[in-house]
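Chains, contacts and geometry: an overview
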Amino acid sequence: MQSESETSVRLRFAPSPTGYPHLGNIRTALFNWLFARHHGGKFILRIEDTDVARKVEGAVEVILDSLRWLGLKWDEGPYFQSQRLPIYREIAQRLIEEDHAYLCYCSPERLETMRREQAKRKQPPKYDRHCRDLTQHEKTQLEATGIAPVIRFKTPLEGKTTFYDLIHGPVTFKHDVLDDFILLKSDGYPTYHLANIVDDHLMFISHVLRGDEWLSSTPRHVLLYQALNWQAPQFAHLPMILGPDRAKLSKRHGAITITEYQRQGYLPDAMINFLTLLGWSLDDRTELLSQEELIKHFSLERVGKTAAIFNRDKLEWMNGVYLRKLSPGEFVRQAMPFLDRDLPESVERPLNSTYVNQVLSLIQERAKTLAEVSQLASFFFLEELKYDTGLLSSGKLAAEPAARTITIASQKLEEVTTWDATTLEDILRPLATELNLSAGALFGLLRVAVTGRTAAPPLFQTMAVLGKKKCLKRFDAALQLLSTYLS
Ligand code: GLU
């Protein structure tokens, strides 16, 4: 009788800690997680850390942090392959005993010369199977030299391997392109191929969902499963993610680490929604889907065969949508650490939370990322604004009438006792007519004076939050600036 784990849906994310996870890696994790959740299966985390030379310090922590940040909870693991070495050695040994593998004593120098020769003859680099059929005498002699051998797989010399890919359909590779690949390196560590299939088998993985770049490894894996008389899991190779120019995703386009997206103020829910649409779609139209909806609808039938195109503008737009959906309180909670981090040091800490609440109620509608919040809101917090005098006078109003207008507005506002947006509007709107100015020109001028910019949240609400004292002080500062033009 089969145990439950042998029959159920079991997916795994198997990153190598050779770098920090980027979009492509996490999209793979996400599709595995969605598939597992959709089928009520298990999501397993396995760290494939057998490439000692390429191991990056701290990468494992960043991988775990990225998954945690996105809420992709794993049910088992993390398993570390580096802690399972005896298992792979035993299987490699078994493959030798059953004549599916052999010891290879070729020195790096010999292999290098062989590769150079092949390049000269314009042949693809491929091990020439020099050690495949050594006699017992030759083996004993080579062993005596003390060279540490590697273990290679005996790929069938002829024929082909076909497997069924859940996204691509049947895929065939001829054996003559495959090579006698290494299973166990001379340092005793397994290669990716060996450790990967041994663990997928021992961990009862039912489905392997991974990037298209692994497709050419799969016939090797299928051959290994056959040699070991194990049943292979089902395979699904996910489409690549390309930049808008259809070239490999570059840093500029988004090949940055997931933690960098976190630093830039993207929300996990927005990232999950966005990443799922990189390769999967519900109906080619629907863009916004909650996590529950994604889990409910996710299926491999709707994963594309062709590359997905990364579009940063879409990610920003989507993040803005998710930011606007937050309750005001939640938005403040999320934005506060970013304000703390990014506002200039001159702004006194701790920030006043009542004031922050008022400010952020005007910013929530406008921010596309949390990192943008401080930039949009900084003028609310700074003591003095720095801006180009030209913003006050070069536009619709020259310096002299600009100064006059600000002076009159300032005098009127001086008398205001109830400082709220409605009162301010009731006073300032008629002023435009009084001064024979368009509302746009007057409000534009005042906006620059109180915010130092031409684009900001609605003027009266902004002034209401800033408070009377600050606004009048800023009018004075604007007059000071203009006076340099007038003298
Ligand atoms: N360790 C491989 C990686 O880093 C896993 C590939 C696979 O899923 O088989 O992507």
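Residues numbered from 1 in each chain as written. Predicted model: local features only at pLDDT ≥ 70, side-chain atom pairs only at ≥ 80, totals over all residues. Heavy atoms only, no water.

1. What to know about the packing of aromatic side chains
Taken as a whole, this structure holds eleven aromatic pairs when the rule is applied. Both rings, one in Phe 274 and one in Phe 310, keep their centres 5.6 Å apart while their planes meet at 90°; by these two values the pair is edge-to-face. Of this pair, Phe 274 sits in helix α10 (residues 268–276) while Phe 310 sits in the loop between β12 (308–309) and α12 (312–325), placing them 36 residues apart in sequence. One exposure class covers both Phe 274 and Phe 310, and it is buried. One aromatic cluster in this structure is built from Phe 31, Trp 280 and Phe 298. Positioned over the ring face of Phe 31 is Arg 27, at 5.3 Å from the centre of the ring. (Phe/Tyr/Trp six-rings, centres within 6.5 Å; stacked < 30°, edge-to-face > 60°. Helix = DSSP H or I, 4+ residues; strand = E, 2+ residues; numbered from the N terminus. Buried < 20%, exposed > 50% of the residue type's maximum accessible area, 1.4 Å probe, protein only. Lys NZ or Arg CZ within 6 Å of the ring centre and 35° of its normal.)

2. Description of the side chain of Arg 84
Among the structural elements, Arg 84 can be located in the loop between β3 (76–80) and α4 (85–97). Within the local environment of Arg 84, its side chain forms a polar contact with the side chain of Asp 199, the two groups lying 2.8 Å apart. What Arg 84 contacts, discounting residues up to four positions off in sequence, is Asp 199, Leu 202 and Met 203. (Polar contact = N/O pair within 3.5 Å; in protein donor to acceptor, adjacent residues only side chain to side chain. Contact = heavy atoms within 4.5 Å.)

3. Concerning the environment of Ala 402
Among the structural elements, Ala 402 can be located in helix α17 (residues 399–414). Through-space distance from the C-alpha of Ala 402 to that of Leu 446 is 9.4 Å; in sequence the pair is 44 residues apart.

4. As for the site of the ligand
Neighbouring the ligand are the residues Arg 12, Ala 14, Pro 15, Ser 16, Glu 48, Tyr 192, Asn 196, Arg 210 and Trp 214. At a separation of 2.6 Å, an oxygen atom of the ligand approaches a polar side-chain atom of Arg 12. With respect to the ligand, the side chain of Tyr 192 contributes an N or O atom lying 2.8 Å from an oxygen atom. Looking at the shell around the ligand, its residues break down into four nonpolar, two polar and three charged. (Near = heavy atom within 4 Å. Nonpolar A, V, L, I, M, F, W, Y, C, P; charged D, E, K, R; others polar.)

5. What about the pattern of salt bridges?
Applying the stated criterion across every chain, the model contains 29 salt bridges. Among the salt bridges present, the one from Glu 76 reaches Arg 10, with a minimum N-O distance of 3.0 Å. Of this pair, Glu 76 sits in strand β3 while Arg 10 is found in strand β1 (residues 10–13), placing the two residues 66 residues apart along the sequence. By relative accessible area, which is 6% here, Arg 10 ends up buried. Counted as one network, the salt bridges with shared partners bring together Arg 12, Arg 46, Glu 48, Arg 84, Asp 199 and Asp 200. (Salt bridge = Lys/Arg side-chain N within 4 Å of Asp/Glu carboxyl O.)

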